[in-house]
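# Coordinate inspection notes
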Amino acid sequence: MHTASWRAAYATLFPDHYLHGPLLAERREVWQARLAEPLPGSAVFLAVAEEELLGFVYLQPRPDGRILLDNLHVRPGGTGRGLGTRLLRRALDWSAGAHPGRDVYLEVLQGNTRAVAFYERHGGRRTASRVYHFEQGFELPGYEYTWPATDVSSDEVP
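Throughout what follows, the structure given in this document is the object of discussion. (Residues numbered from 1 in each chain as written. Predicted model: local features only at pLDDT ≥ 70, side-chain atom pairs only at ≥ 80, totals over all residues. Heavy atoms only, no water.)

### Observations concerning the layout of surface pockets
Roughly 1500 Å³ of volume is contained in the largest pocket. Forming the boundary of the largest pocket are 48 residues, of which Trp 6, Tyr 10, Asp 70, Asn 71 and His 73 lie nearest the centre. Among the secondary structure elements, those contributing two or more residues to the lining of the largest pocket are α1 (2–9), α3 (23–36), β3 (67–74), α4 (83–98), β4 (104–109), α5 (113–121) and β5 (125–134). Sort the elements by how many residues they give to the lining of the largest pocket and β3 lands first, with seven residues. For the lining of the largest pocket, the per-class residue count stands at 23 nonpolar, 14 polar and 11 charged. In this model, the second largest pocket occupies a volume close to 290 Å³. Taken together, 13 residues line the second largest pocket, and the ones lying closest to its centre are Met 1, His 2, Trp 31, Leu 53 and Phe 56. Broken down by secondary-structure element, the contributors of at least two residues to the lining of the second largest pocket are α1, α3, β1 (43–49) and β2 (52–61). For the lining of the second largest pocket, the leading source of residues is α3, giving five residues. (1 Å grid on protein atoms, 1.4 Å probe; cavity = no way out; pocket = protein on both sides within 12 Å on 5 of 7 lines; lining within 4 Å. Points joined across faces, edges and corners; volume = space filled by probe spheres on them. Helix = DSSP H or I, 4+ residues; strand = E, 2+ residues; numbered from the N terminus. Nonpolar A, V, L, I, M, F, W, Y, C, P; charged D, E, K, R; others polar.)

Below is the structure:
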């Protein structure tokens, strides 16, 4: 599902040879490692209906003391129904309980305008802009969004 989500969201941003080449193997490798040896303090939450994965969110503590919301994905074709909002609420609630006093942040590509609008609508504060360099040989501009620890609660997510 992670690969399908990237292929849908980044179709006009990532090179086609990457999206339809090594991406699937890379995402499998990432998830096999994450699930085989979970990073202490990390969490993954799944949205499942009738044994079908509809979405997920993954968070991990970072060396700078913040919590990285590294992935929030809803199955392509399943967006716009509130599932992303529920996953974000779950992530923020978990972080506030498991890591009190720590900011939650994420990184999003500038060209992913749907995601940018979603994070802004749900209380994310743009805290940085930078160019992201991908190992596959391309770079794209992006933003960092933060939910400060004082605001990290599902009460802050509309």
